[in-house]
Amino acid sequence: MNFQQAIQTCFSKYVDFSGRASRPEYWWFVLAYVVLAIVSGFIHHIVYALVILAFLLPMLAAGARRLHDIGKSGWWLLLGLIPLVGLVLLYFMVQPSQPESNAYGAPPVPTPV
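Residues numbered from 1 in each chain as written. Predicted model: local features only at pLDDT ≥ 70, side-chain atom pairs only at ≥ 80, totals over all residues. Heavy atoms only, no water.

Participant: Any chance you could break down the overall build of the protein for me, citing the residues and the numbers?
Facilitator: Counting its secondary structure elements, the protein contains 4 helices and 0 strands. Listing the helices and strands of the protein from first to last along the sequence gives α-α-α-α. By the compact-globule yardstick of 13 Å for 113 residues, the protein fits well, its C-alpha radius of gyration being 14 Å. Overall, the C-alpha framework of the protein stretches about 45 × 35 × 20 Å when taken along its three principal axes. Burial statistics for the protein: of 113 residues in total, 31% are counted as buried. Expressed as a percentage of contacts within the protein between residues at least 6 apart in sequence, the contacts between residues at least 24 apart total 68%. (Helix = DSSP H or I, 4+ residues; strand = E, 2+ residues; numbered from the N terminus. Rg over C-alpha atoms; globule rule 2.2 N^0.38 Å. Buried < 20%, exposed > 50% of the residue type's maximum accessible area, 1.4 Å probe, protein only. Contact = heavy atoms within 4.5 Å.)

Participant: Now, about helix H2 (residues 23–43): what can you tell me, with residues and values included?
Facilitator: Its 21 residues give H2 an end-to-end C-alpha distance of 30 Å, which sits within 8% of 30 Å, the value for a rise of 1.5 Å per residue. Buried residues of H2: Glu25, Tyr26, Phe29, Val30, Ala32, Ala37 and Ser40, and no others. For H2, the arc enclosing every buried residue in end-on projection is 160°, short of the 170-degree limit, so these residues lie on one face. Against helix H1 (3–12), helix H3 (45–69) and helix H4 (87–93) lie the buried residues of H2. (Expected span 1.5 Å × (residues − 1). Arc of directions from axis to C-beta.)

Participant: I'd like a description of the packing of H2 against H3, backed by residues and values.
Facilitator: Helix-helix packing: each pair is described by the crossing angle between the helix axes and the interaxial distance. Where H2 contacts H3, the axes come no closer than 10 Å and their chain directions differ by 165°. Between H2 and H3, the angle falls in the class roughly antiparallel. Considering how the two elements wind past one another, H2 and H3 form a crossing that is left-handed. Residue-level contacts link Arg23, Glu25, Tyr26, Phe29, Val30, Tyr33, Leu36, Ala37, Ser40, Gly41 and Ile43 of H2 to Val47, Tyr48, Val51, Ile52, Phe55, Pro58, Met59, Ala62, Gly63, Arg65, Arg66 and Asp69 of H3. For the contact of H2 with H3, a count of residues per class yields 15 nonpolar, 3 polar and 5 charged. (Axes fitted to C-alpha atoms, helices over the stretch in contact; angles between N-to-C directions. Parallel < 35°, antiparallel > 145°, perpendicular 65-115°, else oblique. Left-handed = near helix turned anticlockwise from the far one by under 90°. Nonpolar A, V, L, I, M, F, W, Y, C, P; charged D, E, K, R; others polar.)

Participant: Mind laying out the packing of H1 against H2, listing which residues take part and the relevant values?
Facilitator: Two numbers describe how H1 lies on H2: the axes approach to 8 Å, and their chain directions differ by 90°. The angle between the axes of H1 and H2 places the two elements in the roughly perpendicular class. Seen from H1, the contacting residues are Phe3, Ala6, Ile7, Thr9, Cys10 and Phe11; seen from H2, they are Pro24, Glu25, Trp28, Phe29, Leu31 and Ala32. Tallied by class, residues from the contact of H1 with H2 come to 10 nonpolar, 1 polar and 1 charged.

Participant: Go over the environment of Lys72 with me, naming the residues and quoting the values.
Facilitator: Mapped onto the fold, Lys72 is located in the loop between H3 and H4. If near-sequence neighbours (up to four positions away) are discounted, Lys72 is found in contact with Leu67, Phe92 and Tyr104.

Participant: So what's going on with the nonpolar core? Residues and values would help.
Facilitator: With 16 residues, the main nonpolar core has Tyr26, Phe29, Ala62, Leu67, Leu89 and Phe92 as its most contacted residues. Those elements that provide at least two residues to this core are H1, H2, H3 and H4. For this core, the leading source of residues is H3, giving 5 residues. For Tyr26, the residues in contact, after removing those within four places along its chain, are Ala62, Gly63, Arg66 and Met93. (Core = buried A, V, L, I, M, F, W, Y, C linked by side-chain atoms within 4.5 Å.)

As structure tokens, this is what we get:
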């Protein structure tokens, strides 16, 4: 999955908290979020707030789907609210996908580049 496909997939599944998201899908989306947040922060604080709001639900949905991909519940995202303990989420997000089906569905089909 490339950068553009990841962005399209995450925004097309805007509030879809079911299913699974591959590691590249999640991390390309996070990269797009970080870049846009930094650039919009330099432009104006209102533009920055709009970018944050536009990415809020898709980022939560992609995070939940990413956790589903490694066999964890999306509720683990709540760890991010606890200072320092939320770093466990970073560990979870970098884990490789489960190659077999799990309780959250079949693994994401890799798209040709």
